[in-house]
Every structure is written in structure tokens, then in C-alpha cells.
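Structural features, examined
Residue-level listing of the chains:
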Amino acid sequence: MEEKSKSGFFIKWLNGLEKVGNKLPHPFMLFFYFTLTVILATALLSLLGVGTYHPATGERIEVLNLLSGEGIHRIFSTVLPNFTNFAPLGQVLVIMFAIGLLDRLGLLANILKSIVLAVPKRFITPMLVFVSVLSSVATDAGYVVLIPLGAALFASMKRHPIAGLAASFAGVAGGFGANLVITPGDALLGGISEAAAHAIDPTYTFNILGNWYFMIASVILLTLVGTFVTEKIVEPRLGEYKGTADLSEIDERVSPEEKRAMKGAGVAFLITAILLSLLIVPSWGPLRGEAEIVASPFFTHLIVVLFFLFLVPGIVYGKMTKQIKSNDDIAKNFIETMSTMSGFVALAFMAGQFVGLFAQSNLGAIIAIAGGNFLQEIGFTGFGLILSFVILSAFVNLFIGSASAQWLIFAPIFVPMLMQLGYSPEFTQLAYRVGDSITNPISPLLTYFALIIVFAQKYDKKAGMGTIISTMVPYSIFFGIFWVALLGIWMIFALPIGPGAMIFLP
């Protein structure tokens, strides 16, 4: 394990958190115990009659006893769906075919070397955080693509790879609500917000651009804060890398033959990108769809698009460097890549059971609604109310990994409630997105959390849940402090939060 600085209470606390966390069982067994705990908890809470009423439908929501006859049937009937429908599973395996090919042929390493040589070292970290924050435009692709690349990028610079992983994970997950452009999340959450607003004003039309100005400012803020946390807290704490990967073998040179092959791969990338753009740019594009472009089939199936975008340049590079001499060589690389993913597949099986059964038990929905009712009862107003709402969103996000699933529960409570206090639905949604994002990096229920552990174990075989959480806690704390402060500044000066969207209703 790496040497870590022992000075300072905060660093000692993080070290202790990691030490305790890594004493926990193997992540596979940990998710097994989590699953078992959920099953037993549902039996107890069901006997106690724990439940609540859905704020929108008025329907009674009760804990599903997973040890009842119906519950046991549910467990057995959902084992396969919980595994096969586990969000990261198919996406990771598909994209790893292409990325694994790039990695094995050496193209990925040469691209990273070129970035290191082209970008001044002081800008590497902010560039990584910035790009990672923007990845939400590609929905969940950032988890699969950028996070392992962040670790590899730092490794190519002889910096600690876990710090690169953390910087990218912070941007992708902790900054998920921010972007410079409109994302699929804006469309998805906006539709839920508009439906909730109709409880007060049936004619209300939600502005899909209603969070845009604030989110642009958030990208800049989170890039600066993420860079500070990485370089001043995370990297010093991790110390010199002494893990399982030998960074001394990284060759900083790119041969003339490799440079020619990289140019060929670059041309192949551009041609592939142009051909793929024909699927969505023209009005007749088969993947354009009838809804907004960000919600089109092209973006909802972006992992497949990225697969081809990476695969074709990889094959061209392999052909030009004579590493691929026949189609069999491509197949061999695919098979060898999949052989390294067995640990992730096993972890995905058990994590899928935990996430699936927790959702089916209704525990997350009950916690969310109970929290919303509590805020209504305490009678907070002004910034105190908004701050409480952000904290509640952040807390409940630890139990409900899906932003849309949580907003489906929260929106019918908070959008009408805050509309009656004069706040616009756009602002309520904005405050929710801040809270929902900041605890993503430390939530075991985040569907990609198990994947991050697998990425970390490539560089440190002893890395476990404690390693990831202790490394990511500073990001959640600092993102929370500064993002809420930005929210407060916006409220003090009553700035527009998007084109035609204000904090308060007209």
C-alpha cells in the first residue's frame, strides 16, 4: 500500500476511514451482506407496519417483506434480471472490447503520452476534471471511458493513478448536474418537474434551458475546486505510488512508425465520426428520433456509437503497426480483454442483486418521502429551506442511485411546495441537482461504484470500498461547500438561472 501523509486531523481521519473501510470483506461479499441486510430489514420493518403515502398518487407505499411468500418469489424471479439489467454490465463489456483493443495495441498509451507532451503539466488536472464534468452530455459514458483514462493519464506522467481516477470520478459523478450544454438529464428531469408543477398551475410550461446559466458557472467552479482537492489533498495524502503496476516501464517515447499509425488512426476516427453523424444530423437520420436531439436514440445508445468510434481507429492502428495481420488477431484481443473482466462480472452480479432488491423493497422511496415530509413540518424558509433541501437530496441520494428515480419522488413534494413560497420549478430542480450530485462519489448504491473499485484494483490490488470512499470524501465535502455557496450568491443577487428562467415566479 502507498505511503500517506500522517499530518493534519483531516488527513488522519481519511486514513482512518480508509483503514476501517478496507478491513471490510471483499467487495463481492460486502454486497452480499448488504443484500442479506436488506432482506432481513424488510421483514422487520414490514412487521412494524412501516410505510407512507406517495405525494402524487396518494397510494400507500409499504415495505415489501422479502421473506414473505411474495418476497421470496420476487427474489428468485429477479436474480437474473437484477444481473443482466445492472446498468454498468453491458455498457462496460461492450466499450471494453474497443478500449481493450486500443490498450493492447499501445494506441491508448501513445495518445496519453501525446496529451502529456502537448498540454502543460499544470493544466493536466484541470483539463481532466473539466472534461469529466462535461461527460454528462454522454449520459453514463464518462464512467466507463473517462475514469480509467484518468488513472492511465496520471500513470503516464508518473503521478499516482488513483489520484487521476479520483479526479475523473469526481468530475463525472460529483459534477453530474453541471455542463456547458443541454444534456439528456435536462430533458428527463424537466419533464418530471413540469408534471409536478401542474399540481399548482396546470398551464405551467417548464423551461428546459432553465438551469443553463447556473450550470455553466458550476462547470468552472467544480473544475477549480476539483483541481484544488486533487493536487492539495488527494495526491499529497496518497503519497508516492508503490502499488502493483510498474510505472517505471512506461516509455515516454513515440516511435516514427507509431506516429504514422496514430495519424492513420486519427483520419479513421474523423471518417468514422462523420459517418456516425449522418445517423443524427440530417432530418432523415435513422437515430435522430422525433424528440429533442439530446433525448434521441443516438444519445440513448451512445455506448454503441462510442464502440465503433474507438474500434475502427484501433483496427487501423493495429494494421499499420502490423500488430493486426488477420481478423483472428482482433478476436484474440477481444478474448484476452474479456479475460481480465471476470472480477467485474462477478462483482456486477452481487451488486446488481443489492441494487435491485433495495429498489423493489420500497425502502428508498419511503426514506425520500419521510425526509420531504420532515422538511415541510419544520417550517424553514429562505436560504435555510433551500440548504435543507440540498442536504436532504444529498442524503437520500446515498440510498437511491438514480437521479430520475429520486426526482420522481421528490418533485411532487417540493415543486408544488416551493411554488407556493414563490420559487420557480426550474430553481427547485436546480437545487435538487446540486444535492443529488455531490454525494454520488461516495454512494455505494451508485450503479457504477463497483466498477470504480475494479478500476482502482488494477493499480492497487488491496483497494476496496474504504479506499474509494476515503479518497472521494474530500471532493464531496468541498463540492458541497462551494456549490451551495454559489447557490447562495445566485439567490442573494436574484440572478437568472437560465434563459428566461428566474429563481422566483413572476
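Model, not experiment: these values are computed from the prediction. (Residues numbered from 1 in each chain as written. Predicted model: local features only at pLDDT ≥ 70, side-chain atom pairs only at ≥ 80, totals over all residues. Heavy atoms only, no water.)

A separate point is the overall build of the chain. Assigned secondary structure in the chain consists of 21 helices and two strands. The C-alpha radius of gyration of the chain comes to 23 Å, within 12% of the 23 Å expected for a compact globule of 506 residues. The dimensions of the chain, computed from C-alpha atoms along their principal axes, are 70 × 50 × 50 Å. The burial tally for the chain puts 53% of its 506 residues in the buried class. (Helix = DSSP H or I, 4+ residues; strand = E, 2+ residues; numbered from the N terminus. Rg over C-alpha atoms; globule rule 2.2 N^0.38 Å. Buried < 20%, exposed > 50% of the residue type's maximum accessible area, 1.4 Å probe, protein only.)

Running from N to C, helix α19 (residues 425-438) and helix α21 (residues 465-492) cross one another at 165°; their axes reach a closest spacing of 9 Å. Judged by the inter-axis angle, α19 sits roughly antiparallel to α21. In this structure, α19 crosses over α21, and the sense of that crossing is right-handed. The residues of α21 that touch α19, namely those facing F427, L430, A431, V434, S437 and I438, are S476, F479, G480, W483, L487 and M491. Looking at the contact of α19 with α21, its residues break down into nine nonpolar, three polar and no charged. (Axes fitted to C-alpha atoms, helices over the stretch in contact; angles between N-to-C directions. Parallel < 35°, antiparallel > 145°, perpendicular 65-115°, else oblique. Left-handed = near helix turned anticlockwise from the far one by under 90°. Contact = heavy atoms within 4.5 Å. Nonpolar A, V, L, I, M, F, W, Y, C, P; charged D, E, K, R; others polar.)

Note that S136 resides in the loop between α6 (121-134) and α7 (141-156). Engagement of the side chain of S136 in a polar contact is seen with the side chain of N179, the distance being 2.7 Å. (Polar contact = N/O pair within 3.5 Å; in protein donor to acceptor, adjacent residues only side chain to side chain.)

This next bit is on the packing of aromatic side chains. The full count for this structure, using the stated rule, is 23 aromatic pairs. An angle of 20° between the planes, with centres 6.1 Å apart, marks the rings of F10 and W13 as stacked. Of this pair, F10 and W13 both sit in helix α1 (residues 9-22), three residues apart, which is roughly one turn of the helix. Relative to F482, the ring of F478 has its centre 6.4 Å away and its plane inclined at 15°; by these criteria the two rings are stacked. Of the two residues, F478 and F482 are both situated in helix α21; the distance of four residues between them amounts to about one turn of the helix. Overall, F482 belongs to the partly exposed group, its relative accessible area being 38%. Members of the aromatic cluster, connected to one another through ring pairs, are F389, W407, F410, F414 and Y432. (Phe/Tyr/Trp six-rings, centres within 6.5 Å; stacked < 30°, edge-to-face > 60°.)

Non-glycine residue K158 carries a positive phi angle of around 65°. For A494, which is not glycine, the phi dihedral falls at a positive 50°. By secondary structure assignment, the location of A494 is in the segment after α21.

What the rule picks out here adds up to seven salt bridges. The salt bridge involving R60 is made with E62; its shortest N-O contact spans 3.4 Å. R159 serves as the salt-bridge partner of E231, at 4.0 Å between the closest nitrogen and oxygen. Placement of the pair is E231 in helix α10 (residues 212-238) and R159 in the loop between α7 and α8 (161-174), with a sequence separation of 72 residues. (Salt bridge = Lys/Arg side-chain N within 4 Å of Asp/Glu carboxyl O.)

Here the focus is the confidence of the model for the chain. In the predicted model, the chain carries a mean pLDDT of 86, and the fraction of residues at 70 or more is 93%. Below pLDDT 50 for its whole length, residues 1-6 participates in 25 contacts with residues either more than four positions away or in separate chains. (pLDDT = per-residue confidence, 0-100.)

What follows covers helix α2 (residues 27-47). With 21 residues, α2 ought to run about 30 Å at 1.5 Å a step, and its terminal C-alpha atoms sit 30 Å apart, in line with that. Turning to α2, its buried residues are P27, L30, F31, T35, V38, I39, T42 and A43. Positioned one or two residues after α2, G49 has a phi angle of 75°, which is positive. (Expected span 1.5 Å × (residues − 1).)

What follows deals with the side chain of T227. Within the secondary structure layout, T227 lies in helix α10. A residue is classified by how much of its surface remains accessible, and T227, at 13% relative accessible area, is buried. A distance of 2.7 Å separates a polar side-chain atom of T227 from the backbone oxygen of T223. The contact partners of T227, leaving out residues within four places of it in the chain, are T125, P126 and V129.

A cluster of nonpolar residues, M29, F32, Y33, L36, L40, L67, I72 and F76, forms a patch on the protein surface that exposes about 750 Å² of accessible area. Counting only elements with at least two residues in the nonpolar patch, the list comes to α2 and α3 (69-84). Mapped onto the elements, F32 comes out in helix α2. (Patch = residues over 30% accessible without salt bridge, like charges linked within 9 Å, V, L, I, M, F, W, Y side chains within 5 Å. Areas by Shrake-Rupley, 256 points an atom, 1.4 Å probe, with all protein chains shown as cover.)

Assignment of secondary structure puts V267 in helix α11 (residues 256-277). For V267, a relative accessible area of 46% puts it in the partly exposed group. Each C-alpha atom, one on V267 and one on I366, is 53 Å from the other, the two residues being 99 residues apart in sequence.

For the rest of this paragraph, the subject is helix α18 (residues 403-420). Here α18 contains 18 residues, and its C-alpha end-to-end distance of 24 Å stays within 8% of the 26 Å for a straight helix at 1.5 Å per residue. Taking the largest bend as the criterion, α18 deviates by roughly 50°, centred on F410, and proline P412 comes between one and four positions later. Of the positions making up α18, those classed as buried are Q406, W407, I409, F410, A411, I413, F414, V415, P416, M417, L418 and M419. Just beyond α18, the residue with positive phi is G422, at close to 100°. (Bend = angle between axes of the 7 residues up to and from the residue.)

It is worth spelling out the environment of E194 at this point. Here E194 lies in helix α9 (residues 184-197). E194 gets classed as partly exposed once you look at its relative accessible area, which sits at 25%. Linking E194 and K259, residues 65 residues apart in sequence, is a C-alpha distance of 52 Å. Each residue touching E194, except ones within four places of it in the same chain, is listed here: Y204, T205 and F206.

Time to look at the packing of α7 against helix α20 (residues 449-457). The geometry of α7 relative to α20 is characterised by a closest axis approach of 11 Å and an angle of 25° between their N-to-C directions. One element, α7, and the other, α20, form an angle in the roughly parallel class. In this structure, the crossing between α7 and α20 has a hand that is right-handed. On the side of α7, the interface is formed by Y143, V144, I147 and P148, while α20 contributes L451, I452 and F455. Its residues assigned to classes, the contact of α7 with α20 comprises seven nonpolar, no polar and no charged.

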